[in-house]
Amino acid sequence: MRLKEKLDKELMALVMKKHRPALEELYDRHIKLIYGFIFKFTNGNAEKTKEIVQLVFLKLWTTKSSYNSEKGHFVSWLLTVTRNVCVDYVRKDSVHIRNNKHMDMSHPIDIEDPNNDIENGLLYSEIAQAKSKLSKPQKRLIDLLYWKGYSLTEIATIENEPIGTIKSRLHQSLKLLKKYLEVGGL
């Protein structure tokens, strides 16, 4: 069976055995979703986005814990891994900034290519368009979980709903978001 025909869980099992082409296939399948998620998380910072994308796939390659299909869908698990890598990155970055308050201005400052801003704007626009197709509760859930950093348990308390309802809504929201991004050509 070719890799393109394998399920995500089968590919992840191969990744755990250090099968590099399986990781490359997962990358090809999910890069647009992961990139879009991280791009939004970093408020459109393309350089940080690229760096975090690398960290996410490095984490998949080096992690000891693997995906368990009985605990949920692969995309949900992958987005959780991505969110955790993003949060870790932001924490490390803020510690680095605090420890290096005095910048050395003798080094030249990199100026981003303006074409990247146009590309990033289009990407952000497609993500926003896909997200706009979600219901208000779905948008709110994604904002609370991924952008505000609340746990599912905290969201269940905030929304005054059972945790199972929140998990189900998250699953449906991510499934729809992925569908809209794929249909939109992102």
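In this numbering scheme, every chain counts its residues from 1 along its sequence in written order. pLDDT decides what is reported in this predicted model: residues at 70 or higher carry local features, side-chain atom pairs at 80 or more are listed and counted, and totals for whole chains, interfaces and linings draw on all residues regardless. The side-chain values count all of the structure's non-hydrogen atoms but skip hydrogen atoms and water molecules.

- Identification of the protein chain as RNA polymerase ECF-type sigma factor family protein from Peribacillus simplex is taken from an unreviewed UniProt entry.
- UniProt positions are given in the numbering used here, feature names are shortened, and annotations may be inferred rather than shown by experiment. Regarding the protein chain, the relevant UniProt record gives this comment under Sequence similarities (unreviewed entry): "Belongs to the sigma-70 factor family. ECF subfamily."

**Section: the overall build of the protein chain**
(1) Moving on: Across its full length, the protein chain holds eight helices and zero strands.
(2) Moving on: Throughout, exposure labels follow a simple rule: accessible area from a 1.4 Å probe, protein chains only, divided by the maximum for the residue type, with under 20% read as buried, over 50% as exposed, and the rest as partly exposed. When the 186 residues of the protein chain are sorted by exposure, 34% land in the buried category.
(3) Moving on: Contacts: residue pairs with any heavy atoms within 4.5 Å of one another. Here the analysis covers contacts within the protein chain between residues at least 6 apart in sequence; of these, 61% occur between residues at least 24 apart.
(4) Moving on: For the protein chain, the exposed surface amounts to about 12,100 Å²; the carbon and sulfur share of it is 54%. Counting from the N terminus, the helices are DSSP H or I runs at least four residues long and the strands are E runs at least two residues long. Calculation of accessible area relied on Shrake-Rupley with a 1.4 Å probe; when residues are assessed, cover is drawn exclusively from the protein chains displayed.

**Things to note about the environment of glutamine 172**
(1) Moving on: The topology assignment puts glutamine 172 in helix H8 (residues 163-183).
(2) Moving on: The exposure class of glutamine 172 is partly exposed, given its relative accessible area of 33%.
(3) Moving on: Glutamine 172 sits 38 residues away from leucine 134 along the chain, and the two C-alpha atoms are 9.7 Å apart.

**What to know about the pattern of salt bridges**
(1) Moving on: Only one rule defines a salt bridge in this text: a Lys or Arg side-chain nitrogen within 4 Å of an Asp or Glu carboxyl oxygen. Considering all chains together, one arrives at nine salt bridges under this definition.
(2) Moving on: With its nearest N and O atoms 2.8 Å apart, the salt bridge here joins glutamate 161 to arginine 169.
(3) Moving on: Accessibility expressed as a relative area gives 17% for arginine 169, which makes it buried.

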